[in-house]
Amino acid sequence: MILVISLVVAILFGAGAYLLLKPDLFRVIVGVVLVSHAANLALMGSGLSRGQPPIYPLPFSDGISDPLVQALTLTAIVIGFAVTTLLLGLVVRVYRSHFAPDLDEVARAEARREAELERDEVSI
Amino acid sequence: MRPTLSQAVARLILLPGLAISIATLVKGYGDAGDGFAAGVIAALTLLVQYVAFGYREAERRIPGLRRLPVAAVAGLARALAVALVPAARGDAILTHWPPPGDSPVRLGTLELVSAVLFDVGVFLVVLGVVTGAVGAIARAAERAGGRA
Amino acid sequence: MIALAVGIPWVAAVALLFLDGRRRWVGWLAVTAAAAGFGTVAALAALVVVDGPREVVAGGWPPGVGIVLRADALGVAFAVLSSGVLLVALAQQVIAGVRSRTFPALVLFLATGLTGLFLTGDVFNFYVFFELSMIAAYVLTTYGGRARQTGGAFIFAVVNLLGSFIFLIAVAAIYHVTGTLEMRAVADQLAVVEPSTVILIAVALFVAFGVKLGLFPFHFWLPVVYAGARPTVAAILGGALANIGSYGVLRFGAGLLPRELELGAVALLVIGGASIVYGSLQAVSRRTAPEVLAYSSIGQVGYVLVALSVGGRAGLAAAVVFALVNSLNKALLFLTVELRGWLVGAAFAVGALSVTGVPPSAGFFGKAALFRAGLDAGDVAVVVLLFLGGALSFVYMFQIYQRDHWRPASATAPGGSSPLAARAIAIGLAMLVIALGVWPEPLISIGEDAASALLGGR
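Residues numbered from 1 in each chain as written. Chains lettered and ligands numbered in written order. Predicted model: local features only at pLDDT ≥ 70, side-chain atom pairs only at ≥ 80, totals over all residues. Heavy atoms only, no water.

1. A word on the overall build of chain A
Okay, so step 1: Looking only at helices and strands, chain A has four helices and zero strands in total.
Okay, so step 2: Starting at the N terminus and ending at the C terminus, chain A contains elements arranged as α-α-α-α.
Okay, so step 3: Here chain A, with 124 residues, has 34% of them falling under the buried criterion.
Okay, so step 4: Across chain A, contacts joining residues at least 24 apart in sequence account for 48% of those joining residues at least 6 apart.
Okay, so step 5: Looking at chain A as shown, the accessible area adds up to about 7,300 Å², and 67% of this sits on carbon and sulfur atoms. (Helix = DSSP H or I, 4+ residues; strand = E, 2+ residues; numbered from the N terminus. Buried < 20%, exposed > 50% of the residue type's maximum accessible area, 1.4 Å probe, protein only. Contact = heavy atoms within 4.5 Å. Areas by Shrake-Rupley, 256 points an atom, 1.4 Å probe, with all protein chains shown as cover.)

2. A look at the overall build of chain B
Okay, so step 1: Secondary structure summary: chain B contains four helices and two strands in total.
Okay, so step 2: Shown N-terminal to C-terminal, the secondary structure of chain B runs as helices and strands in the order α-α-α-β-β-α.
Okay, so step 3: A sequence separation of at least 24 residues applies to 64% of the contacts in chain B between residues at least 6 apart.
Okay, so step 4: Just so you have it, chain B exposes about 8,600 Å², and 68% of that area is on carbon and sulfur atoms.

3. Structural notes on the confidence of the model for chain A
Okay, so step 1: Mean pLDDT for chain A: 79, with 72% of residues reaching 70 or above.
Okay, so step 2: Confidence scores differ between elements of chain A, with helix α4 (residues 103-123) of chain A showing the lowest mean pLDDT of 64 and helix α1 (residues 2-20) of chain A the highest of 91. (pLDDT = per-residue confidence, 0-100.)

4. Here we look at the interface of chain C and chain A
Okay, so step 1: In this assembly, 28 residues from chain C lie in contact with 36 residues from chain A.
Okay, so step 2: Of all residues in chain C, C:Phe154, C:Phe165 and C:Tyr175 bury the most surface against chain A, accounting for 24% of the area lost on that side.
Okay, so step 3: Where chain C packs against chain A, one counts zero salt bridges.
Okay, so step 4: Applying the counting rule to chain C against chain A returns one residue pair in polar contact (both at pLDDT 80 or more). (Buried area = accessible area lost by both parts, 1.4 Å probe. Salt bridge = Lys/Arg side-chain N within 4 Å of Asp/Glu carboxyl O. Polar contact = N/O pair within 3.5 Å; in protein donor to acceptor, adjacent residues only side chain to side chain.)

5. Focus: the packing of helix α1 (residues 2-17) of chain C against helix α4 (residues 103-119) of chain C
Geometrically, a packed helix pair is captured by the angle between its two axes and the distance between the axes.
Residues and elements named next belong to chain C.
Okay, so step 1: Interhelical geometry of α1 versus α4 gives an angle of 160 degrees and a closest axis separation of 8 Å. Relative to α4, the element α1 is oriented roughly antiparallel. Of the two elements, α1 crosses α4, and the hand of that crossing is left-handed. In contact with Ile2, Ala5, Val6, Pro9, Trp10, Ala12, Ala13, Val14, Leu16 and Leu17 of α1, α4 contributes Ala105, Leu108, Phe109, Ala111, Thr112, Thr115, Gly116 and Leu119.
Okay, so step 2: Each residue belonging to the contact of α1 with α4 can be placed in one class, and the counts come to 15 nonpolar, three polar and no charged. (Axes fitted to C-alpha atoms, helices over the stretch in contact; angles between N-to-C directions. Parallel < 35°, antiparallel > 145°, perpendicular 65-115°, else oblique. Left-handed = near helix turned anticlockwise from the far one by under 90°. Nonpolar A, V, L, I, M, F, W, Y, C, P; charged D, E, K, R; others polar.)

6. Observations concerning the environment of A:Met44
Residues and elements named next belong to chain A.
Okay, so step 1: Tracing the backbone shows Met44 in helix α2 (residues 25-46).
Okay, so step 2: Taking C-alpha positions, Met44 is 6.3 Å from Thr73, a pair spaced 29 residues apart along the chain.
Okay, so step 3: Not counting the four nearest positions on each side in its chain, Met44 is found in contact with Val69, Gln70 and Thr73.

7. Remarks on the confidence of the model for chain B
Okay, so step 1: For chain B, the mean per-residue pLDDT works out to 78, and 76% of the residues sit at or above 70.
Okay, so step 2: When pLDDT is averaged over each element of chain B, helix α1 (residues 4-27) of chain B comes out on top at 86 and strand β2 (residues 110-112) of chain B at the bottom at 67.

8. Comments concerning helix α12 (residues 265-285) of chain C
Okay, so step 1: In this model, α12(C) (21 residues) spans 30 Å end to end at C-alpha, consistent with the 30 Å of a helix rising 1.5 Å per residue.
Okay, so step 2: Considered for burial, the residues of α12(C) that qualify are C:Ala265, C:Leu268, C:Leu269, C:Ile271, C:Gly272, C:Gly273, C:Ser275, C:Ile276, C:Gly279, C:Ser280, C:Gln282 and C:Ala283. (Expected span 1.5 Å × (residues − 1).)

9. Here's the deal with the packing of helix α5 (residues 123-141) of chain C against helix α10 (residues 231-256) of chain C
Residues and elements named next belong to chain C.
Okay, so step 1: Between α5 and α10, the least distance of the axes is 11 Å, while the angle of their chain directions is 160 degrees. With respect to α10, the axis of α5 lies roughly antiparallel. Note that α5 runs across α10; the crossing there is left-handed. Contacts between α5 and α10 involve Val123, Phe126, Phe130, Ser133, Met134, Ala137, Leu140 and Thr141 from the former and Val233, Ile236, Leu237, Leu241, Ile244, Tyr247, Gly248 and Phe252 from the latter.
Okay, so step 2: Classifying every residue of the contact of α5 with α10 gives 13 nonpolar, three polar and no charged.

10. Remarks on empty space enclosed by the protein
All names here are of chain C.
Okay, so step 1: Inspection of every chain in the model, using the stated rule, returns four cavities of 30 Å³ or more.
Okay, so step 2: Estimates place the volume of the largest cavity at around 100 Å³.
Okay, so step 3: Around the largest cavity, the lining is made up of 13 residues, and of these Gly238, Ala242, Ser297, Val301 and Asn326 lie nearest the centre.
Okay, so step 4: Elements represented by at least two residues in the lining of the largest cavity include exactly α9 (222-228), α10, α13 (289-310) and α14 (312-337).
Okay, so step 5: Split into classes, the residues belonging to the lining of the largest cavity amount to six nonpolar, six polar and one charged. (1 Å grid on protein atoms, 1.4 Å probe; cavity = no way out; pocket = protein on both sides within 12 Å on 5 of 7 lines; lining within 4 Å. Points joined across faces, edges and corners; volume = space filled by probe spheres on them.)

11. Regarding the nonpolar core
Okay, so step 1: Within the largest apolar cluster, 202 residues are counted, with the highest numbers of intra-cluster contacts made by A:Leu87 and C:Phe154.
Okay, so step 2: Contacts of A:Leu87, omitting those with residues within four sequence positions, involve A:Ile29, A:Val32, C:Phe154, C:Ala157, C:Val158 and C:Leu161.
Okay, so step 3: Within the second largest apolar cluster, 26 residues are counted, among which are B:Leu25, B:Leu46, B:Ala58 and B:Val116. (Core = buried A, V, L, I, M, F, W, Y, C linked by side-chain atoms within 4.5 Å.)

12. Points about the side chain of C:Asp72
Residues and elements named next belong to chain C.
Okay, so step 1: Take Asp72: it is sitting in the loop between β2 (68-71) and α3 (73-96).
Okay, so step 2: Residue Asp72 is classed as buried on the basis of its relative accessible area of 6%.
Okay, so step 3: Residues in contact with Asp72, not counting those within four places in the same chain, are Val48, Pro53, Arg251 and Ala453.

13. So, helix α6 (residues 147-178) of chain C
Residues and elements named next belong to chain C.
Okay, so step 1: Taking 1.5 Å per residue as the helical rise, α6 with its 32 residues ought to reach 46 Å, and the 46 Å between its terminal C-alpha atoms agrees with that figure.
Okay, so step 2: Where burial is concerned, most of α6 is hidden: 24 out of the 32 residues are buried.
Okay, so step 3: Immediately beyond the C-terminal end of α6, within one or two residues, lies Gly179, with a positive phi of roughly 75 degrees.

14. Focus: the environment of C:Leu117
Okay, so step 1: Examined against the element boundaries, C:Leu117 turns out to sit in helix α4.
Okay, so step 2: Ignoring anything within four residues of it in the chain, the contact list for C:Leu117 reads C:Phe126, C:Phe129, C:Phe130, C:Ser133, C:Ile244 and C:Tyr247.

15. Focus on the pattern of salt bridges
All names here are of chain C.
Okay, so step 1: Enumeration according to the criterion identifies nine salt bridges over all chains in this entry.
Okay, so step 2: Of the charged contacts, one joins Glu260 and Arg259 as a salt bridge, the two residues approaching to 3.3 Å between their closest N and O atoms.
Okay, so step 3: Given the relative accessible area of 37%, Arg259 is considered partly exposed.
Okay, so step 4: For Arg286, the salt bridge is made with Glu291, and the minimal N-O distance between the two is 3.6 Å.

16. Looking at the packing of aromatic side chains
All names here are of chain C.
Okay, so step 1: Applying the stated criterion across every chain yields a total of 26 aromatic pairs over all chains.
Okay, so step 2: Here Tyr226 and Phe334 contribute two aromatic rings whose centre-to-centre distance is 5.9 Å and whose plane-to-plane angle is 75 degrees, an arrangement assigned as edge-to-face. Of the two residues, Tyr226 is situated in helix α9 and Phe334 in helix α14; the sequence distance between them amounts to 108 residues.
Okay, so step 3: When the centroid spacing of 5.0 Å and the interplanar angle of 75 degrees are considered together, the rings of Phe364 and Phe365 count as edge-to-face.
Okay, so step 4: Here Phe364 falls in the partly exposed class, since its relative accessible area comes to 30%.
Okay, so step 5: Here the aromatic residues Phe78, Phe118, Phe124, Phe126, Tyr127, Phe130, Phe167, Phe209, Tyr247 and Phe252 are joined through ring pairs into a cluster of three or more. (Phe/Tyr/Trp six-rings, centres within 6.5 Å; stacked < 30°, edge-to-face > 60°.)

Here it is in structure tokens:
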């Protein structure tokens, strides 16, 4: 099980990192989401144990599963969700100001602006 | 422009999705499930509507969808209240009724414990925040002339 | 008391979310709340310095089960500094007029996150507070609302999220090998588990904090963001948020992973040295003040790393003192960048001299502590680096000063001089820098305390 989880974490992280390097902002966000899920899954995998449900009164006869990782992962998922929402909001704003959901376009717009600034400075 | 198939699926999925989410909500603590999972299920069901119909049409079809963000605030207040009432009575915060060991009031197969009240608050927060955020982003994207 | 320090800004931030931050009275309400938070943290710091560390377990749970909040010298020093910088930046923005509904609430959320992060004794809680402050910071970076800010904020958010998730994976690994998340227990456990796994964890943590700090190989996001953000926001980022990185490196590096820190000392020295040289050279070649300061930040965090690589009590104390002084300098400089008028030039000059490390400014003692640590360790490389970095910082600071403050007032300030209150804040901060330079005793002793807290934490 640990092996499967580590493989999935690796694939998720790799795919996420690949998407992060794309110029399309939506892909970048999907990349962030994938990386966040890789982290969540790693967190789940870190305390994986199989046993009785950890509900009071505890059954002392055999092992109980670790409830902590579930709580941690839930917290991390909520944080990841908040961050995704924030990024989507940011993309909308970037789009509104640059009219392009694409980093290449944004970079070109920036370069044009810089060039204008340079011209102004020279003329002064 | 929106594919008919996804609209048909969205239509089919709406009521069962909500029903499952409510079942997950009330069965928490007696069985697998809790407010967060229920909220996510319900929110996903509603998101499918958004995706299939576009936000205008979805909000026309499901009355009250636009008002859900208000539910988030109500849910937050409710969860806080459930958490703080025991504190007012001198117990640690989030102490639930009935205490462990006692058998709860039953309603058919349902077990009524105060933790479910707390979870209803969580459910409303998740649902309200998700739909509110998606709705707000959809509106903002449309204002920006986006393709979303 | 500890819970209060985190709670005050938290409750105030939530309440302020429902109010319109553009109104003046709401702004002042936020300043009051930030001041109350700062006061509580300062009082806590006084208690800690006098009585030693304090600890609270949340919710009345037994230790080991409940979440631990712990205030030791290292934590409170950073907490006091960060909430102070936030207070000053918020006050200045309120004086200048807030142009966004949520700005005051966000600053308070940031204060909550930072205070919580510096005072927590739990690794996962560290992550939660860390994300709380980072999310507030992402939104703050968009403040100003122009294309430049949103573009910068997006890059900032994506790069730092990657860092956060790497940190989260490291937390997962820590939990996997130690079975606990309480910092002291983690430190005890990490000392006995197999070294090869711990090295991986240490590298992941270092990358995560390196991204936050903007160290040389991870710096690429920093100039865009710092130079693009509004000066107040840049002051918040450079003066308060960057502390996360320094604190993280100190707490996790020296506190939890001392063995791995010693092992990686050479790597730290190389990376720190590269940061110093790269940051300073880039800063010399830049023309606008925000850009110079942004690159200068890259160079300055290099010193913290160099001090860490020297290690030992003196090295750690030097790292703490330097990190504190550096964020004070950066806050002062970013806040004065856009101000004009009588004495503002002087305030800027104080900040600049403090960065270069000329007495009588606080920066002198930061550099002096480093210097002594380097000499004690007999490390020639450190001493040479310090000289080189100091000389370069003198060049770039003088360049900005000359460009921005030596021209006739009319040429540089189209709108005349800035409001008196805003200037008073900058000048007050400058006085503080000088005061710490003239009477450095508290600063040095807190550095020593922090170092022994780190060493004793094993």
